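Here is how the chains run, residue by residue.
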Amino acid sequence: MTRFSLPARRALAAAPATAVLVVLLPTVASAHVTVDPDTTAAESYASLTFRVPTESESASTEKLVVDLPTDTPFLSVTPRTLPGWEVEVEVEQLDEPFEVEGATVSEAPARVTWTAEKGNEVPPHEYQEFAVRVGALPEEGTSVVLPAHQTYTDGTVVDWDDLATDDGKEPEAPAPVFTTTAGEPEEGHHGAAASDESATSSNEDEAAAPAPTVDPVGRWLGGAGLVLGAVGVGWGFVARRRA
């Protein structure tokens, strides 16, 4: 047990209540399930990282389910491998099919589920990060809402799906959300006057950058068997286990 001298105890007792709140409030705010995209640029592919803290004092987090948007669906969803966790991407029929490069898309990834293998649950007062690469992001100004559902080992389920209200008050269990921004401008053409050194540097940068995670085979037209080999859009349907 930590012991304080009498002067120290008197100093703590005399500390203003506001000073205590300054310490506590950030801790409370950070307890929510949040999403951190590496880019919000429209039409781009983004890596989304969900940070999930275990708020329970006695139970651990054993499952996370994230609902994906169906009004502006992602055409590619690829989870990152997380040792000790199984991951599954579920696909559902869309209420309103839409056109992509002349093809009708009638289904899309609807949710991603991570389930802990025994002994890999997230214990109290700790957190885990779950990552997935998605694309393409919808047009600029779109609010991408990603409701999350956190399951504890005692059976408790916390739904992080509340939306902000007009009065500006923070929801009790806010849904992870971000807003898309203007797409990144295409690289301009500088003509043949560009030096060989600049061209070499550009090629090296492209080689070093990770390629977008896009699965070439998709489920199109509700199982009609149409293969869009000429279209650079695919579904990423992944279910991975730790070896």
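Bear in mind the structure is a predicted one, so any value in this text is a computation, not a measurement.

What counts, and at which threshold
- Residues numbered from 1 in each chain as written.
- Predicted model: local features only at pLDDT ≥ 70, side-chain atom pairs only at ≥ 80, totals over all residues.
- Heavy atoms only, no water.
- Pairing = 2+ DSSP bridges.
- Helix = DSSP H or I, 4+ residues; strand = E, 2+ residues; numbered from the N terminus.
- Patch = residues over 30% accessible without salt bridge, like charges linked within 9 Å, V, L, I, M, F, W, Y side chains within 5 Å.
- Areas by Shrake-Rupley, 256 points an atom, 1.4 Å probe, with all protein chains shown as cover.
- Salt bridge = Lys/Arg side-chain N within 4 Å of Asp/Glu carboxyl O.
- Lys, Arg positive; Asp, Glu negative; His and termini not counted.
- Charge placed at Lys NZ, Arg CZ, Asp CG, Glu CD.
- Buried < 20%, exposed > 50% of the residue type's maximum accessible area, 1.4 Å probe, protein only.

1. Some points on the pairing of strand S3 (residues 61–67)
Stage number 1. For S3 and strand S9 (residues 148–152), the ladder comprises five bridges, and the chain directions are antiparallel. Along S9, the bridge assignment pairs Val65 with His149.

2. Remarks on a negative patch on the surface
Stage number 1. There is a patch of like negative charges on the surface, built from Asp159, Asp161, Asp162 and Glu172.
Stage number 2. Turning to its location among the elements, Asp162 is positioned in the loop between strand S10 (157–160) and strand S11 (177–179).

3. A short note on the pattern of salt bridges
Stage number 1. Across all of its chains, the model carries four salt bridges by this definition.
Stage number 2. Close ionic contact of Glu129 with Arg51 constitutes a salt bridge, the shortest N to O distance being 2.9 Å. One end of the pair, Glu129, is in strand S7 (residues 127–135); the other, Arg51, is in strand S2 (residues 46–53), and 78 residues separate them in sequence.
Stage number 3. Here Arg51 falls in the partly exposed class, since its relative accessible area comes to 38%.
Stage number 4. When the shortest N-O distance is used, the salt bridge between Glu92 and Arg111 registers 2.8 Å. With Glu92 in strand S5 (residues 85–100) and Arg111 in strand S6 (residues 103–116), the pair connects residues that are 19 residues apart, well separated along the chain.

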